[in-house]
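Each chain, written out:
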Amino acid sequence: TIRIKHLIRIQEMLANDGSKWVRASMLQKLGRFISTLPAENVTDDILTLFVGMARPDIGNKEEESYHSPNHQNQRHTKAYHCAFSFPAVVYTVGASRWDRLAPLFKR
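Residues numbered from 1 in each chain as written. Predicted model: local features only at pLDDT ≥ 70, side-chain atom pairs only at ≥ 80, totals over all residues. Heavy atoms only, no water.

*Asks:* Whenever I open this one, helix α1 (residues 2-15) confuses me. Can you help?
*Replies:* Along an α-helix, residues three or four positions apart point the same way, because every turn accommodates 3.6 residues. Look at α1: 20 Å from first C-alpha to last across 14 residues, which is about the 20 Å you get at 1.5 Å a residue. Of all the residues in α1, the buried ones are I4, I8, Q11 and A15. On an axial view of α1, the arc spanned by its buried residues comes to 60°, and they lie on one face. Within α1, the exposed residues directed more than 90 degrees away from the buried face are I2, R3 and M13. Here the buried face of α1 lies against α2 (20-36) and α3 (44-52). (Helix = DSSP H or I, 4+ residues; strand = E, 2+ residues; numbered from the N terminus. Expected span 1.5 Å × (residues − 1). Buried < 20%, exposed > 50% of the residue type's maximum accessible area, 1.4 Å probe, protein only. Arc of directions from axis to C-beta. Contact = heavy atoms within 4.5 Å.)

Here is the structure:
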């Protein structure tokens, strides 16, 4: 349990890092990270971050225009990583939290 809490703190630090490259790398691995946690340790913040990868209406820290080609490419890359790990995340968090993930399934 102590190890899990420590890993979650590291994940939170990476998610808030000043470098967009660090944040992007963390997001690429987020689904896999979630899948290694016990369901009760997947916080709402972590799940919101995961859902935000595929939802363009969730705020983005990047300064680029939302409609720029580079931003669109980043969105598609994040959505790809989200889709790739989606089944593992659903399996990990279970049916009780399906309501948080269902909008991604319907996209």
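*Asks:* What exactly am I supposed to notice about the side chain of S85 here?
*Replies:* On the secondary structure map, S85 appears in helix α4 (residues 69-93). Beyond its immediate stretch of four places on either side in the chain, S85 contacts G31, R32 and F50.

*Asks:* Hey, could you run me through a nonpolar patch on the surface in this one?
*Replies:* Among the surface-exposed residues, L7, I10, M13 and L14 lie close enough to one another that they form a single nonpolar patch of about 340 Å² accessible area. Note on L14: relative accessible area 36%, which makes it partly exposed. (Patch = residues over 30% accessible without salt bridge, like charges linked within 9 Å, V, L, I, M, F, W, Y side chains within 5 Å. Areas by Shrake-Rupley, 256 points an atom, 1.4 Å probe, with all protein chains shown as cover. Salt bridge = Lys/Arg side-chain N within 4 Å of Asp/Glu carboxyl O.)

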